[in-house]
Structures are given as structure tokens and as C-alpha cells.
Amino acid sequence: MNKTITIDPVTRIEGHARVFIDLDDAGGLTAAGLVVNELRGFEKILTGMDADRMPLVTARICGVCPTAHHLAATNALDNAAGVEPPPAAKLLRELMYMGHVIHSHCLSLFVLQGPDLVLGLDADPAVRNVVGVVQAAPDIAKKALQCRSIGQKINELVGGRGTHPVTSVAGGIAFVLDADRERQLNAWINEARDLVLELAPVVKQLLLKMLDTHPAMLQQWVAPAWSVGTVKADGTLALVNGEIRAVDEGGALKARFPSADYDAHMSESAVEFSYMKQVSFVDGDNRHDYRVGPLARLNVSERYGTPLADREREEFIRTVGRPCHANALQPWARLIELLHCTERAGEIMADPAIHGETRVPVTFSGGRGVGHVEAPRGTLIHDYEIDENGIVRAANLIVATQQNYALINAMIAQAATSHVINRPDDQALLNAVEFGIRCYDPCLSCATHALGAMPLEIVVNRAARPRVIRRNC
């Protein structure tokens, strides 16, 4: 008789899903994966809309990463219309995005993964949450939440709205930076940089301490795979504009291409147990699993281009090597990007070009527009077919969690093998699988464009009496 362990829901992720872990009669792993039973319908919603509404409408896909969709859409419209936004518009878009990534990475590191790092994986789930962090480490919590708030304020001031920005439009951005906004932005950026400099060594120390306590995470949670991310022509990391680069398991360059050519390299396929599609990288007759996101971006880029982030990158490489395929080290890569974004925001504000014209006229005469950004969780692509009247006739979105899907499933299997199978403590299942999933910081609302809600369950099937370990409805 099958044994079923239900953990309902898995906490501190963006979205809802279910994990299954199947064992044979001897207790060995036979299959594991993430099941997302929500309808992906947003591409159909976009069909028939005016193209110039895409930056506004697609930002509603997700309340966690709306700015990523907002800017991917405007990049696609720029390309569809064949226009080049003015330098000031590019800088303001990038500044908006720096605020967004600061906000998102602080959310991931301190609110979602912070309880694991501060309180430990063995802490009682009832206290292993952001409230527990506030109680156990109030100074860390205060600074972390303040930094997150500053990122959102930057995003709101430049984007016009915090959760769903409105100012980035086809051909540029819909305002000119004035002196009052400039003073406020500089004050926030300086404060954020100081906070990150205080928080970074603390977070890194907590992560390395946890990995020292749980060595299986470094030894067994390793998934050699290709890495995909965006870089400038010289190999410097690019979050908003650049070419997509792919490297193999050993770090060898395998492809570099503009976003318009993504469909020659990336192939979506349905998964029989989930509504979320999986994406593979096509290399001739071969298909490869690959990762996107902070760790992948570290693997594909040659530098971040800002001094503090590059210094931390060098330490990362000295410590663990490059390319790195250890799932549990993704928070460190995310922390380096957080440093980079606070530095880059200051550079943008110091660039005189930010005060120029911010918009050029746009006319849609029919054709295709593809654009992308590096969302906090990885490469995000928007692809529109637009007719001569400026109406979207087809749309496709490739989001980061889809591209990480195969490796998330592999991680679940690794966590089950190292922390669940033949272990007497069922609580180990909750702790290990939840932490591993959070390392990828999946956004299931982006990946499926949900209608309705479904909690995430973890189900283990094997010969035994069924027993519910934890239910939290």
C-alpha cells in the first residue's frame, strides 16, 4: 500500500504546485518532479490587443517580477518597430530595473531563504519564517527589509508605479528626469549600497555555515548542465540589453545570438505530468538541459563590470570554481548580483546622458518583435507577431522557471536521495526539498500564468500505510 506524505503548502515560493517522489519496494528512488496544475493562458489573452498595450498588460502576469515583463515587452516593441530608444531612455529603463532586481533579490535572500539561513534547516517550521528572523536577528531583518523597500521605491519612482510600472513605452520612456527625482534617487541608491555592504558578509557567512552543517548539499546537489544568460559584446553581464550566450558543462562557449533567434536554439516541450512546459537547448541533433538565473549568469559572463561585485565574483571562483553547478550556491551568486545592482544604479545616475531626450516616435507596420531581459530568476523572452494595424496576432513568452524546470526536478531527486530515503525523520523531506526549490526562486505564476490557486504538496509514494505528516491549508 502506498505511503503518502503531504506537505501543504510548501512555503516561501512564488506560486503553487505539487512535488511527487516515487520510491520502489526497496525504497529506491524511481521518479521525482514538480507538478504545476495551473492553466497557462496569457498568450491567448494577449492575442487581439493593441501592441502598445503589451508593456502594461504583461506586467500584470506577476506581482513579483512585473518590471521584467514590462521591459521585455518594450524591448520587443522597439524591435518590432525598428527603433532605437534615446540613450537617456535606455539609462532610465536600466535604472528602473536595478531597483527591481534589488527588491527581488532582497525578497529571495532575506524573506524567502533568510529563515533557512538565519534559523537553520532544522528549526521548527512554525518559527522558520520572516517573523522568526525578526525575532532572532532583528538588526539583520531591519536592514534587509529596508534594502528591499528602497529597491521598490527606485522602481516606483522611475516606473511610475511600484507593482505594475507604466513609464517604459515603445520608443523610450514617458518622462524626463528632473532635479527633485535625481536627488531622491541618489539618496536611496547610496543608502541601499551601504546596507548591502553590511549585509553581504553576514549572508555569505550564514550560507557557508549551513552548507558546512549539511555537506550533502554541496556534494550531492550538483547538476552539471549548460548555462544560458545575457552579456555585452565584451562578455560583461547585461541584465537589460545584450546578446544571449550559452556555455556547456565545462564552460566552453557553444552559442551566442540575439533574442530574435531564440527559437533556433530553445525548444519548448510538454511534460505529461504538468501544465508547465520544459525548455531544452538545441545543439544540432542534441538537446541539453540548461540553467538560467544568477548562477548561470556567473557561468556565462566574464565580469559584472562593477568593482565590488567583481571582487566578490573572484572570491566565489577561488572558493568553488567556475563553471559552478552546485544548486545550494545560488544564493551566493544572487548576493553578488545584489552588490552589482546597487553599484550600477550609482553609475547610471552619474552618467550625463541620463538627462537627454527620452522618446522617439513609433509606428507599427506589421512584422515580428522579440525582446528579452535577464529577469531576477533568469532569461525572459517576449515574442509578438504584430499586424499592419498594430494588433498582436500571436504571442509567446519563454520564462525562467520553464528553462530551469529540468534542473529543479533533478534537484528534487537529489534532495530526496540525500535527505529523505532511508531517513527516519519525515521532517527532513520538508526542509531539504523546500530549501532546494527556493535556491531556484521559481515563479510559478510566470511559468503557468495561473487561473485560480493550488497549494504545493509533496507526496512520497512507497509500500507502507498512508500517513499525512503535515497539512497547512
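**Q** Tell me what's going on with unusual backbone geometry, and back it up with residues and numbers.
**A** Here the bond from Arg-322 into Pro-323 is cis, since omega is 5°, no more than 30 degrees from zero. With phi around 50°, Asp-441 is a residue other than glycine that occupies positive phi space. Tracing the backbone shows Asp-441 in the loop between helix H15 (427-440) and helix H16 (444-448).

**Q** Outline empty space enclosed by the protein, listing residues and values.
**A** Tallied over the full model, the rule gives three cavities of 30 Å³ or more. Volume-wise, the largest cavity comes out at about 120 Å³. Every residue lining the largest cavity is counted, 15 residues in all, and those nearest its centre are Phe-110, Gly-114, Val-118, Val-133 and Ile-140. Those elements that place two or more of their residues in the lining of the largest cavity are helix H4 (87-112), helix H5 (114-119), helix H6 (130-136), helix H7 (138-159) and helix H8 (179-213). Per element, the largest residue contribution to the lining of the largest cavity is four residues, and it comes from H7. Looking at the lining of the largest cavity residue by residue, the class counts come to 14 nonpolar, one polar and no charged.

**Q** Outline the packing of aromatic side chains, supporting the account with residue identities and numerical values.
**A** The final tally for this structure, using the stated rule, is five aromatic pairs. Both rings, one in Trp-221 and one in Phe-435, keep their centres 6.3 Å apart while their planes meet at 40°; by these two values the pair is tilted. On the criterion of sequence distance, the pair formed by Trp-221 in the loop between helix H9 (216-219) and strand E6 (226-231) and Phe-435 in helix H15 is long-range, its members being 214 residues apart. Look at Trp-221 and you get buried, because its relative accessible area is 0%. Both rings, one in Trp-226 and one in Phe-281, keep their centres 5.3 Å apart while their planes meet at 45°; by these two values the pair is tilted. One end of the pair, Trp-226, is in strand E6; the other, Phe-281, is in strand E10 (residues 274-283), with 55 residues separating them in the sequence. Using a relative accessible area of 2% as the deciding quantity, one classes Trp-226 as buried. The class for Phe-281 is buried, based on a relative accessible area of 1%.

**Q** Explain the pattern of salt bridges to me, using residue names and the numbers behind them.
**A** For the coordinates displayed, the defined rule picks out 21 salt bridges. With a closest N to O distance of 3.2 Å, Lys-143 and Asp-139 form a salt bridge. Taken together, the residues span about one helical turn, with Lys-143 and Asp-139 both in helix H7 at a distance of four residues. Asp-387 is paired through a salt bridge with Arg-393; the nearest N and O atoms lie 2.8 Å apart.

**Q** Help me get a handle on the environment of Thr-358, residues and values and all.
**A** Its location among the elements puts Thr-358 in the loop between helix H12 (330-350) and strand E13 (367-375). Spatially, the C-alpha atom of Thr-358 lies 6.4 Å from that of Val-176, the residues being 182 residues apart in sequence. Those residues in contact with Thr-358 that lie beyond four places of it in its chain are Pro-86, Ala-88, Ala-89, Leu-92, Gly-171, Gly-172, Ile-173, Phe-175 and Val-176.

**Q** Account for the sheet that holds strand E11 (residues 286-288), with residues named and values stated.
**A** Taken in spatial order, the three strands make up an open sheet running E9-E10-E11, and their pairing is antiparallel. Unpaired on one side and paired on the other, strand E9 (266-271) and E11 mark the two borders of the sheet. Between one strand and the next, the sheet's axes are offset by a mean angle of 45°, whatever the strand orientation.

**Q** I'd like a description of the pairing of E6, backed by residues and values.
**A** Each regular strand displays side chains that alternate between the two surfaces of the sheet. Buried residues dominate E6, accounting for six of its six residues. Every second residue of E6 is oriented toward a common face, with Trp-226, Val-228 and Thr-230 on one face and Ser-227, Gly-229 and Val-231 on the other, all of them buried. Pairing between E6 and strand E12 (residues 290-291): two bridges, direction parallel. In the strand pairing of E12, Trp-226 is matched with Tyr-290. Of the pairings in the sheet, the one linking E6 to strand E7 (residues 243-247) comprises five bridges and is antiparallel in character. Counted as the bridge partner of Thr-230 is Ile-244 from E7.

**Q** Requested: an account of the sheet that holds strand E15 (residues 392-398), with residues and values cited.
**A** Taken together, three strands build an open sheet; the order of strands is E13-E14-E15 and the sheet is antiparallel. Sheet topology places E13 and E15 at the edges, where each strand pairs with a single neighbour. Between one strand and the next, the sheet's axes are offset by a mean angle of 15°, whatever the strand orientation. With six bridges connecting them, strand E14 (residues 378-386) and E15 associate as antiparallel partners. If you follow Tyr-384 over to E15, its bridge partner there is Ala-395. In the packing of helix H3 (residues 66-81) onto the sheet, the strands contacted are E13 and E14, and the crossing angle to E13 comes to about 145°.

**Q** An account of a nonpolar patch on the surface is requested, with residue identities and associated values reported.
**A** Residues Val-130, Val-131, Val-134 and Leu-145 make up a contiguous nonpolar surface patch of about 280 Å² in total accessible area. Among the residues examined, Leu-145 registers a relative accessible area of 36% and is labelled partly exposed.

**Q** Please provide a residue-by-residue account of the confidence of the model for the protein chain, values included.
**A** Residues at a pLDDT of 70 or more form 87% of the protein chain, whose mean pLDDT is 87. Throughout residues 1-12 the model reports pLDDT below 50, and contacts reaching past four residues in sequence, or to other chains, amount to 67 contacts. The low-confidence segment residues 463-473, where pLDDT is below 50, has 31 contacts with residues more than four positions distant or belonging to other chains.

How each quantity is defined
- The residue numbers shown here count from 1 along each chain, following its written sequence.
- Given that this is a predicted model, residues contribute local features only at a pLDDT of at least 70 and side-chain atom pairs are listed and counted only at 80 or more, while totals for whole chains, interfaces and linings are drawn from all residues.
- Excluding hydrogens and water, the side-chain values take into account all heavy atoms of the structure.
- Helix and strand definitions follow DSSP, with helices as H or I runs of at least four residues and strands as E runs of at least two, each counted in order from the N terminus.
- Whether a set of points on the 1 Å grid over the protein atoms alone is a cavity depends on a 1.4 Å probe fitting there but being unable to get out, while an open set qualifies as a pocket with protein on both sides within 12 Å along at least five of seven lines; lining residues are those with an atom within 4 Å of a point.
- Grid points are joined across faces, edges and corners, and a volume is the space filled by probe spheres set on the points.
- For this classification, the nonpolar set comprises Ala, Val, Leu, Ile, Met, Phe, Trp, Tyr, Cys and Pro, the charged set comprises Asp, Glu, Lys and Arg, and every other residue, Gly included, is treated as polar.
- Pairing of aromatic rings covers Phe, Tyr and Trp, the last counted by its six-membered ring, and requires centre-to-centre distances within 6.5 Å; plane angles under 30 degrees mean stacked, over 60 mean edge-to-face, and any other angle means tilted.
- Exposure is judged per residue with a 1.4 Å probe applied to protein chains only, and the accessible area is read against the type maximum: over 50% gives exposed, under 20% gives buried, and values in between give partly exposed.
- A pair is scored as a salt bridge if a Lys or Arg side-chain nitrogen falls within 4 Å of a carboxyl oxygen belonging to Asp or Glu.
- Every residue pair with non-hydrogen atoms within 4.5 Å of one another is taken to be in contact.
- For two strands to be treated as a pair, DSSP must find no fewer than two bridges joining them.
- Axes here refer to lines fitted to C-alpha atoms; in helices the fit is confined to the stretch in contact. Angles between the N-to-C directions go from 0 to 180 degrees.
- Patch membership requires more than 30% relative accessible area and the absence of a salt bridge. Residues of like charge join within 9 Å; the nonpolar side chains Val, Leu, Ile, Met, Phe, Trp and Tyr join within 5 Å.
- In short, Shrake-Rupley with a 1.4 Å probe defines the accessible areas, and a residue's cover is counted only from the protein chains shown.
- The predictor attaches a confidence to each residue, called pLDDT, with possible values from 0 through 100.

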